[in-house]
Amino acid sequence: MHPTFHPNFVQFLKEFNETTDYFECHEVLEDYWKEVAPRQKDHPLTALILISTSMYHWRRGNITGAIKTMSTSIKRLIQTSDSSFFETIDYEQILQATTISLALMQKASAFQAFSIQIKDSKLLTLVNKRKIENREALDYLIHKHMLRDRSEILEEREKSKKRRDDRC
């Protein structure tokens, strides 16, 4: 199976292009990345995760975070340009769209979404067949990270901090 036919990648494309739920895009791709290349920061999936993160920050008005993550995503896109993850989607279009978005962010322009063009007909069919059950209100999409249950994340951060403190 081609790596872009994985259900998480298909859902990522559906969410990115149709719902613009960039938080969800980040979540589903991060799960996939952890499955195929955990802790490998230079993996092509991390470029797409960072694009989602940047778009999320930009829409929320966090320009500094948006610029930082988009800059890193562009570097990763270029570093991983020969990856099979870019065979079924339009790599050049993504690189151009992210570069344009970064320039707009640097000018503090209003948020502008873009879509990821799908080149492969089988992948396009999989994305089109994919159902998104719950379409969130825009306000929820903008503040989604603050409205979810974060107890596990906070608990893990506290454990990490304690481990660091214990080493000192």
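In this text, all values refer to a predicted model and were calculated from it rather than measured experimentally. (Residues numbered from 1 in each chain as written. Predicted model: local features only at pLDDT ≥ 70, side-chain atom pairs only at ≥ 80, totals over all residues. Heavy atoms only, no water.)

**Considering helix α4 (residues 63–79)**
Where we set the bar: In DSSP terms, a helix is any run of H or I states spanning at least four residues, a strand is any run of E spanning at least two, and both are numbered starting from the N terminus. How far a helix is expected to stretch is found by multiplying one less than its residue total by 1.5 Å. Buried, partly exposed and exposed residues are distinguished by accessible area as a fraction of the type maximum, computed with a 1.4 Å probe on protein chains only: under 20%, between the cut-offs, and over 50%, respectively. It is the directions from the helix axis to the C-beta atoms whose arc is reported. Residue contacts are defined here by distance: any two heavy atoms, one from each residue, within 4.5 Å place the two residues in contact.
Counted at 1.5 Å a residue, the expected span for α4 with its 17 residues is 24 Å, and the 24 Å between its end C-alpha atoms agrees. Residues G65, A66, T69, M70, S73, I74, R76 and L77 constitute the buried set of α4. Down the axis of α4, the buried set is contained in an arc of 165 degrees. They therefore lie on one face. Set apart from the buried face of α4 by more than 90 degrees, the exposed residues are T64, K68, K75 and Q79. In this structure, the buried residues of α4 make contact with α3 (44–60) and α5 (91–106).

**Re the nonpolar core**
Spelled out, the test is: Remark: nonpolar core denotes a set of buried residues (Ala, Val, Leu, Ile, Met, Phe, Trp, Tyr, Cys) joined through side-chain atoms within 4.5 Å.
In this structure, F9, F12, L13, F16, I51 and I89 are the most contacted members of the largest nonpolar core, which totals 41 residues. Here this core gets 8 residues from one element, more than from any other, and that element is α3. Setting aside residues no more than four positions away along its own chain, F16 makes contact with Y22, C25, I51, S52, M55, F114, S115 and I116.

**Description of unusual backbone geometry**
Look at T20: it is not a glycine, yet its phi comes out positive at around 50 degrees. Here T20 lies in the loop between α1 (7–19) and α2 (22–36). Here the phi dihedral of A108 falls at roughly 60 degrees; this positive angle occurs in a residue that is not glycine. Relative to the helices and strands, A108 is located in the loop between α5 and α6 (121–129).

Taken by themselves, the reported measurements are silent on function.
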